[in-house]
Amino acid sequence: MDLGSLVKTLNWAIWAALAVAVVGSELAGRLRLAGLASLERLLGRGRATVVGRAAMVILWAWLGWHVFAR
Amino acid sequence: MVLGLVAGLTRRFGRWTNRSRRTRWAAVAAVLCAAAADAAVASTSRPFTWPADITTALGLVGVVLAGLTRLWVARQATAPVPPPVPPGDVPASGGAGGLLHPDRRTIVLWITVTLAVVAFELFNYASSPRSTHPTLSSILNVLTGHEVLRGLLFATWLGAGWWIWGRS
């Protein structure tokens, strides 16, 4: 295996590990392991204020436009 | 006579409530159908084309308008604020569970995970070639290349937008 293929494999492995970390953290929060809360609940707190909700809407709009339109 | 009047008013109120409930369900069904139709059309479009721009803009504007309406309706139906709980009294629910107030561990955990993702994204963004250093955008590009996955991701995006406008 050449260096380029090794780096590529390593990068994909790191992305996979990060995906596992995100899903694992959310599962731990939903199962309330170690007193953790889910991302939904955390973001729900941010949604309580006008500024927090506006920031989420802007981020959501940018994400959708970036992924699906441009 | 008074009893008859009360019975009549009760029947009228019941009919009005049922009609209001039917209207609400009809509105929810209409919004869901519109979202499904938009996602179906979006699944066949490709980025950097007019159909993609129009379907995304329709979803974006539609969710914001529906969300503002949802917020307005919720505010209209909000019950009067209960009197403050005297010091020392335990609230009936949500007081000691800590569920409404994510603790420091939760915040630290999610900040750490987010920083790790952002750092790796930036590292890959600054590196080349893209095939060796994939970014989240390039990974999503591959996923949205398939019609079904693109439609599902679009519907998920619309759902996330709808969630933002929910009650906190």
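Residues numbered from 1 in each chain as written. Chains lettered and ligands numbered in written order. Predicted model: local features only at pLDDT ≥ 70, side-chain atom pairs only at ≥ 80, totals over all residues.

Participant: Can you help me understand the interface of chain B and chain A in this one?
Facilitator: Put simply, an interface is often sized by how much accessible area is lost when its parts join up. Between chain B and chain A, the residue contacts involve 33 residues of the former and 32 residues of the latter. Where the side of chain B that touches chain A is concerned, the elements lending two or more residues are helix 2 (50-76), helix 3 (104-126) and helix 5 (147-164) of chain B. Tallying contributions element by element places helix 3 of chain B first for the side of chain B that touches chain A, with 9 residues. Here the side of chain B that touches chain A is composed, by residue class, of 20 nonpolar, 10 polar and 3 charged. (Contact = placed C-beta atoms within 7 Å. Helix = DSSP H or I, 4+ residues; strand = E, 2+ residues; numbered from the N terminus. Nonpolar A, V, L, I, M, F, W, Y, C, P; charged D, E, K, R; others polar.)

Participant: How should I be thinking about the confidence of the model for chain B in this particular structure?
Facilitator: Residues and elements named next belong to chain B. In this model, chain B carries an average pLDDT of 81, and 74% of its residues clear a pLDDT of 70 or more. Taken element by element, the predicted model of chain B shows its lowest mean pLDDT in helix 1 (residues 2-44) (75) and its highest in helix 3 (94). Here residues 90-99 is a poorly scored stretch, pLDDT under 50, and it has 8 contacts once near neighbours within four places are set aside; other chains count. Scored as a whole, the predicted complex attains pTM 0.75, and scored at its interfaces, ipTM 0.88. (pLDDT = per-residue confidence, 0-100.)

Participant: Would you mind showing me how to read the packing of helix 1 (residues 3-30) of chain A against helix 3 of chain B here?
Facilitator: Packed helices, taken two at a time, are described by the angle their axes make and the gap between the axes. Contact pair helix 1 of chain A / helix 3 of chain B: the axes reach a minimum separation of 11 Å and the direction vectors enclose 160°. When the axes of helix 1 of chain A and helix 3 of chain B are compared, the pair comes out roughly antiparallel. As helix 1 of chain A packs across helix 3 of chain B, the resulting crossing turns out to be left-handed. Only T106, L109, W110, V113, A116, V117, F120 and N124 of chain B of helix 3 of chain B make contact with helix 1 of chain A, whose side of the interface consists of N11, I14, L18, A21, V22, S25 and G29 of chain A. When the residues that make up the contact of helix 1 of chain A with helix 3 of chain B are grouped by side-chain class, the tally is 10 nonpolar, 5 polar and no charged. (Axes fitted to C-alpha atoms, helices over the stretch in contact; angles between N-to-C directions. Parallel < 35°, antiparallel > 145°, perpendicular 65-115°, else oblique. Left-handed = near helix turned anticlockwise from the far one by under 90°.)

Participant: Would you take a moment to explain unusual backbone geometry for this structure?
Facilitator: Most peptide bonds take the trans form, and the phi angle of most residues other than glycine is negative. Along the chain, S128 of chain B connects to P129 of chain B via a cis peptide bond; the corresponding omega equals 0°. Non-glycine residue A34 of chain A carries a positive phi angle of around 55°. Looking at the secondary structure, you find A34 of chain A in the loop between helix 1 and helix 2 (39-46).

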